[in-house]
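These are the residues of each chain, in order.
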Amino acid sequence: GAGVSQTPSNKVTEKGKYVELRCDPISGHTALYWYRQSLGQGPEFLIYFQGTGAADDSGLPNDRFFAVRPEGSVSTLKIQRTERGDSAVYLCASSLGRNSEAFFGQGTRLTVV
Amino acid sequence: GESVGLHLPTLSVQEGDNSIINCAYSNSASDYFIWYKQESGKGPQFIIDIRSNMDKRQGQRVTVLLNKTVKHLSLQIAATQPGDSAVYFCEVGDMRFGAGTRLTVKP
């Protein structure tokens, strides 16, 4: 597809389980961003990749959260030992680089029960 | 860290009126600014951008104004339509977002 694709669109998991959220950026976009958005709030920055490396991971809330982008394209956000407070919409965006328009996916709605 | 804030968390306008959404930023080194629109259940969508060497840029029904002296950014929407109802975010070049302004258009 032409846009940013995120899978799954919805994920329900039990507290304590491990989840992986996938992001397929627009082809050729070297910059990739992950955000978490709770109802009524703006997107909360988690991590920024430039190519394969995490250029800025200062937004990851704790060591249960980890993200990879091994080939500089698809990225996976991994959450260990999920907690109910992790429930949110996780958004991914990609762009040609810093200081350029970012394109967002539709998000993955994560619900931890 | 940088502060990105909005003067009004909510804005309600009559269909056909003009809307103005404001944004203050704190980093004087910022040189690229974007407005995004987020409709319910969707990811943010680019509306318009402006670089620091400009103070005004116009798109289709939208205008962005940049005042670097007071570190203020505004988005003007002309002849606001019901489809403009959404949350609007300004982003000042570091991909951080504030709380946004919710625009509601009354028919």
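Since this is a predicted model, take the numbers as computed values, not measurements.

Q: Can you help me understand the overall build of chain A in this one?
A: Scanning chain A from N- to C-terminus turns up zero helices and 11 strands. Each helix (α) and strand (β) of chain A, taken in turn from the N terminus, gives the series β-β-β-β-β-β-β-β-β-β-β. Scaling as 2.2 N^0.38, a compact globule of 113 residues should have a C-alpha radius of gyration of about 13 Å, and chain A matches this with 13 Å. For chain A, the C-alpha atoms occupy an extent of roughly 35 × 25 × 25 Å along the three principal directions. Within chain A, buried positions represent 48% of all 113 residues. Sequence separation of 24 or more characterises 53% of the internal contacts of chain A that already satisfy a separation of 6 or more. For chain A, the exposed surface amounts to about 5,400 Å²; the carbon and sulfur share of it is 47%. Mean positive and mean negative side-chain charge positions of chain A (12 and 11 charges, respectively) differ by 6 Å.

Q: Explain the pairing of strand β3 (residues 19-25) of chain B here, please?
A: Looking down a regular strand, the side chains alternate between one sheet face and the other. Residues and elements named next belong to chain B. Along β3, the buried face is formed by S19, I21, C23 and Y25; none of I20, N22 and A24, which line the opposite face, is buried. Taken together, the six bridges between β3 and strand β8 (residues 72-77) define a ladder with antiparallel strand orientation. By the bridge assignment, S19 is partnered in β8 with I77.

Q: For this particular structure, what's the right way to read the sheet that holds strand β8 (residues 75-79) of chain A?
A: The pairing of strands in a sheet comes from backbone hydrogen bonds and takes either a parallel or an antiparallel form. Residue and element names in this part refer to chain A. Here we have four strands laid out as an open sheet, ordered β1-β3-β8-β7, and antiparallel in their pairing. Edge positions in the sheet fall to β1 (5-7) and β7 (65-68), since each of these pairs with one other strand and no more. Pairwise comparison of adjacent strand axes, ignoring direction, gives a mean angle of 15° for this sheet. Bridge count between β1 and strand β3 (residues 19-24): three bridges; the pairing is antiparallel. Bridge pairing links S5 to D24 in β3.

Q: Can you walk me through the state of the cysteines in this structure?
A: In the structure shown here, the tally under the stated rule is two disulfides over all chains. The side chain of C23 of chain A participates in a disulfide bridge whose partner is C92 of chain A; the two sulfur atoms lie 1.9 Å from each other. Taking the torsion about the S-S bond as the criterion, the C23 of chain A to C92 of chain A disulfide, at about -70°, is left-handed. With a gap of 69 residues between them, C23 of chain A in strand β3 and C92 of chain A in strand β9 (residues 88-95) connect regions that are remote in the sequence. Note on C23 of chain A: relative accessible area 0%, which makes it buried. Paired by a disulfide, C23 of chain B and C90 of chain B hold their sulfur atoms 1.7 Å apart. Judged by the sign of its S-S torsion, about 40°, the cystine formed by C23 of chain B and C90 of chain B is right-handed. With C23 of chain B in strand β3 and C90 of chain B in strand β9 (residues 86-91), this pair connects stretches of sequence that are 67 residues apart. Judged by its relative accessible area of 0%, C23 of chain B is buried.

Cut-offs and rules
- Residues numbered from 1 in each chain as written.
- Chains lettered and ligands numbered in written order.
- Predicted model: local features only at pLDDT ≥ 70, side-chain atom pairs only at ≥ 80, totals over all residues.
- Heavy atoms only, no water.
- Helix = DSSP H or I, 4+ residues; strand = E, 2+ residues; numbered from the N terminus.
- Rg over C-alpha atoms; globule rule 2.2 N^0.38 Å.
- Buried < 20%, exposed > 50% of the residue type's maximum accessible area, 1.4 Å probe, protein only.
- Contact = heavy atoms within 4.5 Å.
- Areas by Shrake-Rupley, 256 points an atom, 1.4 Å probe, with all protein chains shown as cover.
- Lys, Arg positive; Asp, Glu negative; His and termini not counted.
- Charge placed at Lys NZ, Arg CZ, Asp CG, Glu CD.
- Pairing = 2+ DSSP bridges.
- Axes fitted to C-alpha atoms, helices over the stretch in contact; angles between N-to-C directions.
- Disulfide = S-S within 2.5 Å.

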